Amino acid sequence: MYAVFKRELFSFLNSMVAYITIAVFLLVSGLLLWFFPDTSLLDYGYADLSGFFSLVPYLFMFLIPAITMRSFAEERREGTYELLVTKPITIWQIVMAKYLSSLTLVLLALIPTVIYYFSVSKLGFPEGNVDTGAVVGSYIGLFLLGSAFTAIGIFSSALTKNQIISFIIAAALCAFSFLGFDYSSQFLSLQNVEAAIASLGINAHYLSISRGVLDTRDLIYFITFASLFLLFTQMIMGGKK
């Protein structure tokens with residue numbers, strides 16, 4: 001499993017796709033946070049990164065499918081997947097190796113954004129006047145959100161040999177899982193039912209963690225969500241084998 005993980009990670013790092021994707025993510029997030037008038041932190045006037053953490057999930061909907069779209073699609077298109085399954089490794093280990101390598105890239109894309117926290121801390125009045133607990137909670141929430149979206153991306157890549165189709169399916173599923181349940185709940189007038197439907201979506205649990213409070217229910221939700229999509233991927237690839 002480690003050999004497959006290392007091969008996948010190095011194949012990402014040896015291609016321009018990973019660097020271009022991460023660079024675009026950092027460029028867009030930086031422009032939205034500091035330069036665009038409607039979202040600029042400098043125009044907002046408060047030492048608060050909540051705007052950044054509310055924008056990143058939408059960027060993740062495109063960043064993560066771009067990272068994961070080649071995971072299984074390229075293997076099957078080039079015919080190397082047949083060679084891989086003849087090795088002494090299970091389908092589940094192959095799925096997990098590809099999942100962890102993609103999730104590592106998502107983490108590498110997030111790490112440079114920590115500089116935003118130090119920048120806002122310096123700009124705060126008095127200096128350091130930032131809610132560190134909320135920032136830490138939001139980064140944990142982003143990592144969990146990334147883990148869920150990565151599982152969706154791996155699943156989408158297993159459905160087709162075409163990377164573009166895989167990207168479109170993954171982006172659509174990520175958008176629906178993040179926003180679809182919130183919009184669906186608004187059609188219902190009963191408050192209890194509305195809250196129950198909204199809690200099925202990722203957004204409600206992401207917002208809960210972003211407040212700086214780690215609730216066991218939110219952690220279980222993200223772990224279960226990612227595990228289900230990885231199990232679906234295992235079933236699809238096992239059937240193709």
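Bear in mind the structure is a predicted one, so any value in this text is a computation, not a measurement.

Conventions and cut-offs
Residues numbered from 1 in each chain as written. Predicted model: local features only at pLDDT ≥ 70, side-chain atom pairs only at ≥ 80, totals over all residues. Heavy atoms only, no water. Helix = DSSP H or I, 4+ residues; strand = E, 2+ residues; numbered from the N terminus. Buried < 20%, exposed > 50% of the residue type's maximum accessible area, 1.4 Å probe, protein only. Expected span 1.5 Å × (residues − 1). Arc of directions from axis to C-beta. Contact = heavy atoms within 4.5 Å. Salt bridge = Lys/Arg side-chain N within 4 Å of Asp/Glu carboxyl O.

1. Examining the overall build of the protein
Inference 1: Along the protein, the regular secondary structure elements total 13 helices and zero strands.
Inference 2: Counting from the amino terminus, the protein carries its helices and strands in the arrangement α-α-α-α-α-α-α-α-α-α-α-α-α.
Inference 3: Looking at the 241 residues of the protein, the share that counts as buried comes to 48%.

2. Here we look at helix H1 (residues 2-13)
Inference 1: Under the 1.5 Å per step criterion, the end-to-end length of H1 is 16 Å for twelve residues, consistent within 8% with the ideal 16 Å.
Inference 2: Those residues of H1 not exposed but buried are Val-4, Phe-5, Glu-8, Leu-9 and Phe-12. Burial along H1 is one-sided: seen end-on, the buried residues are contained in an arc of 125 degrees. Opposite its buried face, H1 presents the exposed residues Tyr-2 and Ala-3, each directed more than 90 degrees away.
Inference 3: For H1, the secondary structure elements touched by its buried residues are helix H2 (16-34), helix H4 (50-68), helix H5 (73-78), helix H6 (80-85) and helix H7 (91-110).

3. Describing the side chain of Thr-68
Inference 1: Looking at the secondary structure, you find Thr-68 in helix H4.
Inference 2: Thr-68 sits in the buried class, given a relative accessible area of 1%.
Inference 3: Beyond its immediate stretch of four places on either side in the chain, Thr-68 contacts Ser-102, Thr-150, Gly-153, Ile-154 and Ser-157.

4. A closer look at the pattern of salt bridges
Inference 1: Counted according to the given criterion, the structure contains two salt bridges.
Inference 2: Here Glu-8 ties to Arg-7 by a salt bridge, and the two come within 3.2 Å at their closest N and O atoms.
Inference 3: By relative accessible area, which is 37% here, Arg-7 ends up partly exposed.
Inference 4: A salt bridge links Lys-98 to Glu-8; the nearest nitrogen and oxygen atoms lie 2.8 Å apart.

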